[in-house]
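Here is what each chain is made of, one letter per residue.
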Amino acid sequence: MATTHEQHGHDAHAHDDHAHHGPDKGIMRWIKTTNHKDLGTLYLFFSFTMFFIGGIMSLIIRAELFHPGMQFVQPEFFNSMTTMHALVMIFGGVMPGFVGLANWMVPMMIGCSDLALPRVNNWGFWILPFGFAMMLSTLFMEGGGPAGGWTMYPPLMLQTGNAFPFLIFSVHLLGISSITGAINVVVTILNMRTPGMTLLKMPLFVWTWLITAYLLIAVMPVLAGAVTMLLTDKYFGTSFFTAAGGGDPVLFQHVFWFFGHPEVYILILPAFGVVSTIIPTFARKPLFGYDSMVYATAAIGFLSFIVWAHHMFTVGMPLAGELFFMFATMLIAVPTGVKVFNWVATMWRGSMTFETPMLFALGFVFLFTIGGFSGLMLAMTPVDFQYHDTYFVVAHFHYVLVPGAVFSIIAAIYYWIPKWTGRMYNEAAGKLHFWLSAIFINLTFFPQHFVGLAGMQRRVPDYAVQFTDFNEVSTIGAFGFFLSQFIFIFNMLACCYGWFGRKQTAPARVWEGARGLEWTVPSPAPYHTFEDPPQLPASEVTGVHDAEATHH
Amino acid sequence: MFRDTQLMIGPNASLTVGQAWLFFGLMAATGLGVAGLMAARGLWPILPFAGLELAALGTALYVSVRRNGYREVIRMSGETVHVEFGMLGRGASATVSLSRWWTRAVLEPGAHRNAPSRLLLRCAGQRIEIGRCLTEEEREQLHGRLQELLSPVRPKTPGARGGEPAQELPFGER
């Protein structure tokens, strides 16, 4: 259908389009924008603002834990910090970070001009600042901020002061934002792929986001219902989770973790997609076992629904239940192992180079695997009785979420920032950032395995003197990691605003080994890309099946 | 001299109605299954949230799939311009015939600052809006193409000559 003379006409117009149809000027551009690139940028700026706020909270926690005894804050405020740190980092940092990447990259990767529902996309973003303003404002309310942990277990959570209804309402707002984003991504991926891009030719990042969005849509009503029942228990006299009225507080834990465990995969599946995109580029080989990667992602998504109770082995479940959840949890190691082996096999005999995105991707593979192994240890019911609610658990999930999810977001930004801005980042600063991050993150969290195994409890601002050395190391690591991130922030802002004389000289295909439709458009990517569905040449197909891999 | 041309305008679409139903069914089975099980355990407040969310998903899919089937066919043969509007599989719901000599393509700005532009075929007092499913850039491109095709002078596009067989513009049509 695409005739040659029409194509010529399109090119001629394309030039004019960009001159006349750029973004609006001023603040209203950002408030009213429905452009996926603008909203992706907004999501990423918001995400890193939240990382900064959540990071400050973590520094307060670590400063208090530098020495045993009470140092700087009251125990109630310490508990507020642990609660808010988690909520801010999960719902404000990691999730919007990945939504920002999806906004920027999914349309460009599947060859469409924007997301399916651009206005909904705008609303979805602008709910977030209000939701978080409300959540953070609870820290200044009578009775203090929520301090019962991000899991909001009753009856402890029901003792929260005036902050409680505001917390619940803000969780609802964040849920609405997540759902609108997920629906938008799903409909876009299913309906707006360029001709020739079948499901099994989609880039892995798009696949992982499709499954992530499915999980989000499936579990968000559970969270909404659970927190609403908490609200009615506190203010409307219901007894869903109030033992005095015949309710069951443990039931809340089941309901919460039925949402919470898929949520863990919501936080990590897009990271798998990012790493599956970056490693083939710098190994200069197609991804090994594309199909198995897709099926492994789907398998992880499915298994995430049937493992929730491994978070609550100590509540007194029947033995059969404990065995089921133990084995089901261990089963997740199989598809996750498939992924790790595929990444390693992709690098095997590749022409590898180690630019900053690759360093972060490699850091992800190595350190996420450590988090995976400690997860396997926690999956074993008998030993989990020892590990439960200790710093071993804190070390485990931080290894999964920081060198896992956060490293992958950083890797993705290094990888795509030349495409977004047309300016190359400073490679030396990027490498320095990686090495400092990798060293300090291990300094922060590795000692926590030891203190956890020795019995140091989480969510307590004081500890036995015997844990002092490891806690000092951990605190030094946390401050070092936080400060190291400013190298990244300045490096990226320099790309955005052209600081230090950086010019927009990045070519369309920034990385020699990069494949995919996003690399066929100029850098920086035009405000509107793919107004006509592009052709999908075989050379840009990232989903290379095993039989074709030898010819690629 | 004029050349015979057919332009078919429609949105790009990779999702069929059947696939949309399949996806929605899978999602509803998961969402309502979970909410139903919870409701059976007494946790009924999850059910309305699941229902609301599925309604939002259903609406998004319905809107997208409905957009997919929309077509506008502009057939220019001899001295006549035929414009047909309709949905795929349902035939033309409206047809207009205009004199090619007197028809002009006009691109008007939207009613207010953020409204989309309007591409109109104007002929002796008749105004027919086309290309509503297109983006701003696509509309501008189509406008230029229509001006070319409606002008009896030599076409500007290299290689395009009068009397060629009907050709289609690749505006999302596959």
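Residues numbered from 1 in each chain as written. Chains lettered and ligands numbered in written order. Predicted model: local features only at pLDDT ≥ 70, side-chain atom pairs only at ≥ 80, totals over all residues. Heavy atoms only, no water.

Is there a simple way to think about the overall build of chain B in this case?
Within chain B, the secondary structure is distributed over three helices and seven strands. The order of α-helices and β-strands along chain B, N terminus first, is β-α-α-β-β-β-β-β-β-α. When contacts within chain B are restricted to residue pairs at least 6 apart in sequence, those whose partners lie at least 24 apart make up 56%. Total accessible area on chain B stands at roughly 8,900 Å², and carbon and sulfur atoms take up 61% of it. (Helix = DSSP H or I, 4+ residues; strand = E, 2+ residues; numbered from the N terminus. Contact = heavy atoms within 4.5 Å. Areas by Shrake-Rupley, 256 points an atom, 1.4 Å probe, with all protein chains shown as cover.)

Can you walk me through helix H4 (residues 75-110) of chain A in this structure?
What sets the pattern is the α-helix's 3.6 residues per turn: residues three or four places apart point alike. Residue and element names in this part refer to chain A. Look at H4: 50 Å from first C-alpha to last across 36 residues, which is about the 52 Å you get at 1.5 Å a residue. If you look at H4, its biggest bend is around 35°, right at Met89. Judged by how many residues are buried, H4 sits mostly within the fold: 32 of 36 residues are covered. Immediately downstream of H4, the backbone of Gly111 shows phi near 80°, a positive value. (Expected span 1.5 Å × (residues − 1). Bend = angle between axes of the 7 residues up to and from the residue. Buried < 20%, exposed > 50% of the residue type's maximum accessible area, 1.4 Å probe, protein only.)

Would you mind showing me how to read helix H11 (residues 333-347) of chain A here?
Residues and elements named next belong to chain A. Between the first and last C-alpha of H11 there are 21 Å, a value that for 15 residues agrees with the 21 Å anticipated at 1.5 Å per step. Those residues of H11 not exposed but buried are Pro335, Thr336, Gly337, Lys339, Val340, Asn342, Trp343, Thr346 and Met347. Next to the buried residues of H11 lie helix H8 (249-283), helix H9 (290-303), helix H10 (319-331) and helix H12 (356-379). Arg349 sits one or two residues past H11 and shows a positive phi near 60°.

What should I look at first to understand the domain arrangement of chain B in this one?
How big an interface is tends to be stated in terms of the accessible area lost upon association of its parts. In terms of domains, chain B is made up of domain 1 (5-11 + 70-150) and domain 2 (17-67). Here the C-alpha centroids of domain 1 of chain B and domain 2 of chain B sit 38 Å apart. (Domains from an automatic or database assignment.)

Help me out: how do you make sense of the sheet that holds strand E6 (residues 118-123) of chain B in this one?
In any sheet, the strands associate via hydrogen bonds between backbone groups, in a parallel or an antiparallel arrangement. Residue and element names in this part refer to chain B. Spatially, E5-E6-E7 is the arrangement adopted by the three strands of the open sheet, whose pairing is antiparallel. Where the open sheet ends on each side, the last strands, each with one partner, are strand E5 (103-108) and strand E7 (126-130). The sheet shows a mean angle of 30° between the axes of neighbouring strands, direction not considered. As defined by bridge partners, E6 adjoins E7 across five bridges and the pair is classed as antiparallel. Bridge assignment links Leu120 to a residue of E7, and that residue is Glu129. Where helix H3 (residues 136-150) meets the sheet, it contacts E5, E6 and E7, and its direction lies at approximately 160° from that of E5. (Pairing = 2+ DSSP bridges. Axes fitted to C-alpha atoms, helices over the stretch in contact; angles between N-to-C directions.)

Looking at this structure, I do not really get the packing of aromatic side chains. What am I missing?
The relative placement of two aromatic rings is captured by the distance of their centres and the angle of their planes. Residue and element names in this part refer to chain A. Applying the stated rule across the entire model yields 51 aromatic pairs over all chains. Here Phe256 and Trp257 contribute two aromatic rings whose centre-to-centre distance is 5.2 Å and whose plane-to-plane angle is 90°, an arrangement assigned as edge-to-face. Judged by relative accessible area, which is 8%, Trp257 ranks as buried. Between Phe282 and Tyr415, the aromatic rings sit 6.0 Å apart at their centres with planes inclined by 70°, giving edge-to-face as the arrangement. Taken as a pair, Phe282 in helix H8 and Tyr415 in helix H14 (residues 391-421) lie far apart in primary sequence, 133 residues in all. The class for Tyr415 is buried, based on a relative accessible area of 0%. The ring of Trp30 carries the charged tip of Arg29 above its face, separated from the ring centre by 4.2 Å. Positioned above the aromatic ring of Phe164 is the side chain of Lys234, whose terminal nitrogen or guanidinium carbon lies 5.7 Å from the ring centre. (Phe/Tyr/Trp six-rings, centres within 6.5 Å; stacked < 30°, edge-to-face > 60°. Lys NZ or Arg CZ within 6 Å of the ring centre and 35° of its normal.)

It is not clear to me how the packing of H14 of chain A against helix H15 (residues 427-453) of chain A should be interpreted in this structure. Could you clarify?
Packed helices, taken two at a time, are described by their axes: the angle between them and the distance between them. Residues and elements named next belong to chain A. For the pair H14 and H15, the least separation of the axes is 7 Å and the interaxial angle reads 165°. The orientation of H14 with respect to H15, classified from their angle, is roughly antiparallel. When you trace H14 past H15, the crossing you get is left-handed. Looking at the contact of H14 with H15 residue by residue, the class counts come to 17 nonpolar, nine polar and no charged. (Parallel < 35°, antiparallel > 145°, perpendicular 65-115°, else oblique. Left-handed = near helix turned anticlockwise from the far one by under 90°. Nonpolar A, V, L, I, M, F, W, Y, C, P; charged D, E, K, R; others polar.)

When you look at the pairing of strand E4 (residues 92-99) of chain B in this model, what are you seeing that I'm missing?
Both faces of the sheet carry side chains from a regular strand, because those side chains alternate between them. All names here are of chain B. Direction of pairing for strand E3 (residues 80-87) relative to E4: antiparallel, over a ladder of seven bridges. Bridging from a neighbouring strand, His82 pairs with Ser97 of E4. From the end of E3 to the start of E4, which pair antiparallel, there are four residues, and Gly89 there has a positive phi angle of about 85°.

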